[in-house]
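Report on the structure
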Amino acid sequence: MATLSCAARDSRTMLRRNLKKALRYPSLTLTVVIMPLAMLLLFNYVFGSALGTGISGMPTGSGDYIDYLAPGIILMAATSGALTTAISVCSDKTEGIVNRFRTMPISRASFLTGHVVGSVLQTMVSIALVTGVALLMGFRPSATPVEWLAAIGLLALLTLALTWLCAGIGLVAKNVETASNIPMPLTFLPFLGSAIVPTESMPAGLRWFAEYQPFTPIIETLRGLWLGTGIGSSAVIALAWCAGLSLVGYLWARRTFKTGAKR
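Residues numbered from 1 in each chain as written. Predicted model: local features only at pLDDT ≥ 70, side-chain atom pairs only at ≥ 80, totals over all residues. Heavy atoms only, no water.

Quick word on the overall build of the protein
The condition is simple: The helix and strand labels rest on DSSP assignments: H or I over at least four residues marks a helix, E over at least two residues marks a strand, and numbering proceeds from the N terminus. The rule is simple: take the accessible area with a 1.4 Å probe, protein chains only, and divide by the maximum for that residue type; under 20% is buried, over 50% is exposed, in between is partly exposed. Note on contacts: a residue pair is in contact if any heavy atoms of the two residues lie within 4.5 Å. Exposure was quantified through the Shrake-Rupley algorithm and a 1.4 Å probe, taking into account, for residues, occlusion by the shown protein chains and nothing else.
Along the backbone of the protein there are twelve helices and zero strands. The order of α-helices and β-strands along the protein, N terminus first, is α-α-α-α-α-α-α-α-α-α-α-α. Put simply, the protein has 263 residues, and 48% of those count as buried. Considering only residue pairs separated by 6 or more positions, the protein has 79% of its internal contacts joining residues 24 or more positions apart. For the protein, the exposed area adds up to about 12,700 Å²; of that, 69% sits on carbon and sulfur atoms.

Written out as structure tokens, the structure reads:
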């Protein structure tokens, strides 16, 4: 019990450190928010009429296309937020603070826990901001409070999974530039799913990839919760992907941190 109490106390300390650092240097968080907002504005107002007309059930164009588009872009805010973890972890590693922490009588798990929990909180704030802008642009979900909670929970679980993965990336990256570039495909992978257009409209090879990559069932589950469209087996698949990625990311980051401690 004493060990768990010390670990919790040290993790809270690390969490406060990372949140204060984020408040002191908000430019990275703002950059992460700006990209999904730019994509939301671009695809809705520039391409909305053309893309929305071809989507079943949304024949009026950009006025309804925002309902189809918003869940995918909100998910993109979650993938973008994970970048901050890789950058902040790598920054601590290259500046030598990680080695300093290893010489101190603190819980070894607290360093990564503080980064991960802090990043999840920051990303959820970013998701809330993007959702608010989408609502101002005409996004009109018909979800009940329970469905809203389910959607928020799914986004939080996805954010946690991606954050653990990016924590591992930050530990293995040689410098901050590499740490910011390696996770970049995660940000744009939703575009190769059903974020912008239905997978049925894609060529055969791309359609197969889009239907079986992890973000498509998550987007379809969010869309179903918010808009009342069919979810089918997407919810189970989405939860399985999130749980699997969380476990893989956690084990990888933990092993990488311990391996570095032995060098």
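Topic: the packing of helix H7 (residues 145–172) against helix H11 (residues 215–227)
The following threshold applies: To define axes, lines are fitted to C-alpha atoms, for helices over the stretch in contact only, and angles between the resulting N-to-C directions are given on a 0 to 180 degree scale. For classification purposes, an angle smaller than 35 degrees is called roughly parallel, one larger than 145 roughly antiparallel, one from 65 to 115 roughly perpendicular, and anything else oblique. What makes a crossing left-handed is the near helix being turned counterclockwise from the far one by less than a right angle; a clockwise turn instead makes it right-handed.
Packing of H7 against H11 leaves a shortest axis separation of 8 Å and a crossing angle of 160°. Judged by the angle between their axes, H7 and H11 are roughly antiparallel. Taken as a pair, H7 and H11 cross one another with a handedness that is left-handed. Listed contacts from H11 to Glu147, Trp148, Ala150, Ala151, Leu154, Leu155, Leu158 and Leu162 of H7 are Phe215, Ile218, Thr221, Leu222, Leu225 and Trp226.

Let's talk about the side chain of threonine 216
Defined as follows: Each polar contact in these results corresponds to two N or O atoms within 3.5 Å; when the atoms are within protein, one needs to be able to donate a hydrogen and the other to accept it, and residues that are neighboring in sequence are counted only if both atoms are side-chain atoms.
Take threonine 216: it is sitting in helix H11. Here alanine 210 takes part through its backbone oxygen, which lies 2.4 Å from a polar atom of the side chain of threonine 216. Apart from the residues lying within four places of it in its own chain, the contact partners of threonine 216 are Gly193, Ser194, Thr199, Ala210 and Glu211.

Some details on a nonpolar patch on the surface
Rules: For patch detection, residues must exceed 30% relative accessible area and be free of salt bridges, and they are connected within 9 Å for like charges or within 5 Å for nonpolar side chains (Val, Leu, Ile, Met, Phe, Trp, Tyr). A pairing counts as a salt bridge when a side-chain nitrogen of Lys or Arg comes within 4 Å of a carboxyl oxygen of Asp or Glu.
A surface patch of nonpolar side chains, amounting to about 480 Å² of accessible area, comprises Leu41, Leu42, Tyr45, Val46 and Phe47. With respect to the secondary-structure elements, phenylalanine 47 resides in the loop between helix H2 (27–46) and helix H3 (48–53). We classify phenylalanine 47 as partly exposed; its relative accessible area is 36%.

Some details on the environment of phenylalanine 43
Relative to the helices and strands, phenylalanine 43 is located in helix H2. Once the C-alpha coordinates of phenylalanine 43 and tyrosine 65 are considered, the two residues, 22 residues apart in sequence, prove to be 9.1 Å apart. Here phenylalanine 43 is in contact with Gly48, Leu51, Tyr65, Leu69, Phe191 and Ile196, once residues within four sequence places are set aside.

Details of H11
Our working definition: Each helix should span, by expectation, one fewer than its residue count multiplied by 1.5 Å.
With 13 residues, H11 extends 18 Å between its outermost C-alpha atoms, agreeing within 8% with the 18 Å of an ideal straight helix rising 1.5 Å per residue. For H11, a buried count of twelve out of 13 residues is recorded, marking the element as mostly surrounded by other parts of the structure. Within two residues after H11, glycine 228 carries a phi angle of roughly 80°, on the positive side.

Overview of a positive patch on the surface
Note the following rule: Charge counting treats Lys and Arg as positive and Asp and Glu as negative, with His and both chain ends excluded. Each charge is placed at NZ for Lys, CZ for Arg, CG for Asp and CD for Glu.
The grouping of Arg12, Arg16, Lys20 and Arg24 at the surface amounts to a positive patch. Relative to the elements of secondary structure, arginine 24 occurs in helix H1 (residues 2–24).

Observations concerning the pattern of salt bridges
Summed over all chains, the structure comprises two salt bridges. One salt bridge in this structure joins arginine 223 and glutamate 220, with 2.8 Å as the shortest N-O distance. Of the two residues, arginine 223 and glutamate 220 are both situated in helix H11; the distance of three residues between them amounts to about one turn of the helix. Residue arginine 223 is classed as buried on the basis of its relative accessible area of 3%.

Concerning the nonpolar core
Let me state the cut-off plainly: By nonpolar core we mean a set of buried residues, namely Ala, Val, Leu, Ile, Met, Phe, Trp, Tyr and Cys, connected to one another through side-chain atoms within 4.5 Å.
Of all hydrophobic cores here, the largest spans 57 residues; its most connected members are Ile218 and Trp226. Of all the secondary structure elements, the ones that give two or more residues to this core are H2, helix H4 (62–95), helix H6 (108–136), H7, H11 and helix H12 (234–262). By residue number, the principal contributor to this core is H4, which donates 15 residues. Contacts of tryptophan 226, omitting those with residues within four sequence positions, involve Pro71, Ile74, Phe139, Pro141, Ser142, Ala143, Trp148, Ala151 and Leu155.

Comments concerning the environment of alanine 151
With respect to the helices and strands, the residue alanine 151 is situated in helix H7. Along the primary structure alanine 151 and isoleucine 218 are separated by 67 residues, whereas in three dimensions their C-alpha atoms are 9.6 Å apart. Not counting residues within four places of it along the chain, the set of residues in contact with alanine 151 comprises Leu222, Leu225 and Trp226.

Digging into the environment of valine 116
As for its position among the elements, valine 116 is in helix H6. With residues up to four places along the chain from it excluded, the contact list for valine 116 reads Leu160, Thr163, Trp164 and Ala167.

None of this, on its own, says anything about what the molecule does.
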